[in-house]
Amino acid sequence: MKLQAIGVAMISFFLAACAGGNREKTDTQKDSQPMFTGAKGEVRIMTLDPGHFHAALVQKNMYDQVDPTVYVYAPEGRDVQGHLALIERYNTRSENPTTWLEKVYTGPDFLEKMLNEKPGNVMVTAGNNAKKTEYILKSIEAGINVLADKPMVISPEEFPKLEEAFKLAEEKGVLLYDIMTERYEITTMLQRELSLLPEVFGELQAGSEENPAITKESVHHFFKYVSGNPLVRPAWFFDTQQQGEGIVDVTTHLVDMIQWEAFPEVTLNKSDVQVLSAKRWTTDLSPEMFEKVTGLGTYPDYLQKDVDNDVLKVYSNGEINYTLKGIHAKVSVIWNFQAPEGTGDTHYSIMRGTKCDLIIQQGEEEGYKPQLYIETSEEDLKAFAGFLYNAVEGLAEKFPGITLEKVSDSKWKLNIPDNYKVGHEAHFGQVTEKYLQYLVDGKLPEWEVPNMIVKYYTTTEGLKKALE
């Protein structure tokens, strides 16, 4: 197919058809020659094989530094059409519409076409994870900056390829970065801030496998709404050989948050990680459930290996127990089919300090909205409360409007104004803004690349352990 501009009429037609502990400081960062200056439109995006709605969320807003023309390279099919439909919704919404112009090439040689033409200088990818590591490596080899959705790798066998990509990126002076949206969730940010205050948190406990110092748990749902519309997932999303098992997918965020909170700006190494145990289990989907979320009445041939008595069994759930620099941690992910009415994806987190626990809960009591609690076992409650209120007063200078509310003699909750609760979709814009600044800086923070490597080492080693 020829390179073409996608207009409103084509997308509207498609939409109509779809309707029926140790806090060390880092060394001084190395100087490098920046490739970007922050000038208007100097970043030109190439979107490669967009099979996941996260690719579109990068473009939910405009950026002065990004040229409005975006080059899409993809195989023909529903994935790319769904991506373009989302972009068109953003372009035609009544409030703050975007002005993206999508120039699209579809064909089996889409990857080679992008690498040969190179109309852009940043490749964005979010889609089929079986090919993502290859996409990343080949783009880096071609001297293209990469902003990739998680996970960047889904198997222990492919992990060395990702390490090679990071090494090449440094040699070629390009930036490879993954989209870690959860760093921008306000309760996580404040949990991290409070953990850095020894007068309140003390020190991070070492914990044990039975009672980890840090636990991160995430519950997700196959059927959900995105930008106000039911999400149609591609069938390959349910094939763990293409999407990856849950233990190497969503857990990427959880492992990242543990590193980011427990060892802020500390450069980590693979030797800091010891996987103690791991497990995996399935979520079972009926044919009716599968059709509701994909629009397909039958299972594709590549899913038949996972079908038992007409029930599709997806290894979307997993748990990893490990230590990081001697600190015990646990991450777990659960996928249900659909959340009960009025609920959605949920997150639970606890950091255990020597003076208090910092707990994020998102259950019925919290109205399924993340809520940060501070709970202490200190004997001198009056002294602890004084330190806590002083700490929150200090944090309010950075986060105006936050207040402390007493729940019991030993427990408080942090009230957070709604203006900080921007939602998951908005976090993609925040990550993109950060990446654009890194491009101007000509480098990532010193600790980012080593810690990305450690993160994916943890998830892939976790899968290896679960398969033993």
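Residues numbered from 1 in each chain as written. Predicted model: local features only at pLDDT ≥ 70, side-chain atom pairs only at ≥ 80, totals over all residues. Heavy atoms only, no water.

What about the overall build of the protein chain?
Selection criterion: Strands here are runs of E lasting at least two residues and helices are runs of H or I lasting at least four, both read from the DSSP assignment and numbered beginning at the N terminus. Our radius of gyration looks at C-alpha atoms and nothing else; its globule reference is 2.2 Å times the residue count to the power 0.38. Each accessible area is a Shrake-Rupley estimate made with a 1.4 Å probe; only the visible protein chains count as cover when residues are assessed. Counted charges follow a simple rule, with Lys and Arg positive, Asp and Glu negative, and His plus the chain ends left uncounted. In this description, the location of a charge corresponds to atom NZ of lysine, CZ of arginine, CG of aspartate or CD of glutamate.
Scanning the protein chain from terminus to terminus reveals 13 helices and 19 strands. Its C-alpha atoms give the protein chain a radius of gyration of 22 Å, near enough to 23 Å, the size a compact globule of 468 residues would have. Its C-alpha atoms give the protein chain principal-axis dimensions of roughly 70 × 60 × 50 Å. Summing over all exposed atoms, the protein chain offers an accessible surface of approximately 20,200 Å²; the carbon and sulfur share of this is 48%. Looking at charge distribution, the protein chain has the averaged site of its 47 positive side-chain charges lying 2 Å from that of its 70 negative ones.

Observations concerning the packing of helix α6 (residues 159–172) against helix α13 (residues 448–466)
This is how it is decided: Fitting a line to C-alpha atoms yields each axis, with helices limited to the stretch in contact; the angle taken between N-to-C directions then spans 0 to 180 degrees. Should an angle fall under 35 degrees it is called roughly parallel, over 145 degrees roughly antiparallel, and 65 to 115 degrees roughly perpendicular, with every other angle called oblique. When checking whether two residues touch, look at their non-hydrogen atoms; a contact exists if any pair is within 4.5 Å.
At a minimum axis separation of 11 Å, α6 and α13 run at an interaxial angle of 175°. It follows that α6 is roughly antiparallel to α13 by the angle criterion. The segment α6 lies against α13, with Phe159, Leu162, Glu163 and Phe166 engaging Val449, Met452, Ile453, Tyr456, Tyr457 and Thr460.

Observations concerning the packing of aromatic side chains
Note the following rule: Two rings from Phe, Tyr or Trp (for Trp, the six-membered ring) form a pair when their centres are within 6.5 Å of each other. A pair whose planes differ by under 30 degrees is stacked, one over 60 is edge-to-face, and the rest are tilted. Each residue is placed in one exposure class: buried if its accessible area under a 1.4 Å probe, protein chains only, is under 20% of its type's maximum, exposed if it is over 50%, and partly exposed if it falls in between.
By the definition in use, this model includes 15 aromatic pairs. Centre to centre, the rings of Phe159 and Tyr457 are 5.9 Å apart; their planes meet at 55°, and the pair counts as tilted. You can see Phe159 sitting in helix α6 and its partner Tyr457 sitting in helix α13, a full 298 residues away along the chain. Taking the centre distance of 4.9 Å and the plane angle of 20° together, the rings of Phe222 and Trp335 count as stacked. Of this pair, Phe222 sits in strand β8 (residues 214–223) while Trp335 sits in strand β14 (residues 327–338), placing them 113 residues apart in sequence. Of the two residues, Phe222 and Trp335, both sit in the buried class. Ring-pair connections join several aromatic residues into one group, and the members of that group are Phe222, Phe237, Phe238, Phe290, Tyr299 and Trp335.

Structural notes on the pairing of strand β15 (residues 346–352)
Both faces of the sheet carry side chains from a regular strand, because those side chains alternate between them. What counts, and what does not: Pairing between two strands is assigned when DSSP locates at least 2 bridges connecting them.
When you tally the buried positions in β15, you get five out of seven residues, the bulk of the element. Both β8 and β15 contribute to a ladder of six bridges, which runs antiparallel. Bridge pairing in β15 links Ile214 to Met351. Relative to strand β16 (residues 356–361), β15 is paired through four bridges, and the arrangement is antiparallel. Across the sheet, residue Met351 finds its bridge partner in β16, namely Leu358. The loop that links β15 with its antiparallel partner β16 comprises three residues.

Details of helix α4 (residues 110–117)
In an α-helix there are 3.6 residues to a turn, and that puts residues three or four apart on one side. For clarity, the threshold we go by: Here the arc refers to the set of directions running from the helix axis out to each C-beta atom.
For α4, the complete set of buried residues consists of Phe110, Leu111, Met114 and Leu115. Down the axis of α4, the sector holding all buried residues measures 135°, keeping them to one side. Looking at the buried side of α4, the elements it contacts are β2 (45–48), β3 (69–74), β4 (101–106), β5 (122–125) and α5 (129–141). Once α4 finishes, Lys118 follows within two positions and takes phi at roughly 45°, a positive value.

Some words on the nonpolar core
Keep this limit in mind: The definition of a nonpolar core used throughout is a set of buried Ala, Val, Leu, Ile, Met, Phe, Trp, Tyr and Cys residues joined through side-chain atoms within 4.5 Å.
With 65 residues, the main nonpolar core has Met114, Met152 and Leu176 as its most contacted residues. Each residue touching Leu176, except ones within four places of it in the same chain, is listed here: Ile136, Ile140, Val146, Met152, Leu162, Ala165, Phe166, Ala169, Leu444 and Met452. Ile186, Ile320, Ala385 and Leu388 belong to the second largest nonpolar core, which has 50 residues in total.

Examining the layout of surface pockets
Using the following cut-off: The method works on a 1 Å grid over the protein atoms by themselves. A cavity is a set of points holding a 1.4 Å probe that cannot get out, a pocket is an open set with protein on both sides within 12 Å along at least five of seven lines, and residues with an atom within 4 Å of a point line them. Grid points are joined across faces, edges and corners, and a volume is the space filled by probe spheres set on the points. In the scheme used here, Gly and all other residues not listed as nonpolar or charged are polar, with Ala, Val, Leu, Ile, Met, Phe, Trp, Tyr, Cys and Pro taken as nonpolar and Asp, Glu, Lys and Arg as charged.
If you add up the space inside the largest pocket, you get close to 1,300 Å³. Along its surface, the largest pocket is lined by 46 residues, and Lys224, Gly344, Asp345, Gln362 and His424 are the ones closest to its centre. Elements with a contribution of two residues or more to the lining of the largest pocket: α7 (186–195), β8, β9 (225–226), α9 (251–262), β14, β15 and α12 (424–441). Sort the elements by how many residues they give to the lining of the largest pocket and β8 lands first, with four residues. Looking at side-chain class alone, the lining of the largest pocket contains 16 nonpolar, 19 polar and eleven charged residues.

Digging into the environment of Lys411
Position of Lys411 relative to the elements: it lies in strand β19 (residues 411–415). Separated by 54 residues in sequence, Lys411 and Asp357 place their C-alpha atoms 9.5 Å apart.

Considering the pairing of strand β6 (residues 145–148)
Stated precisely, the cut-off is as follows: Classification remark: right-handed applies to a crossover when, strands pointing away from the viewer, the course from the first strand over the helix to the second runs clockwise.
Here β6 shows two buried faces, one formed by Asn145 and Leu147 and the other by Val146 and Ala148. The sheet contact formed by β5 and β6 spans four bridges and is parallel. Paired with Thr125 across the strands is Ala148, a residue of β6. Crossover β5 to β6 through α5 is right-handed. Bridge count between β6 and strand β7 (residues 176–178): three bridges; the pairing is parallel. Within β7, the residue paired with Ala148 across the bridge is Asp178. Viewed along the sheet, the connection from β6 through α6 into β7 turns out right-handed.

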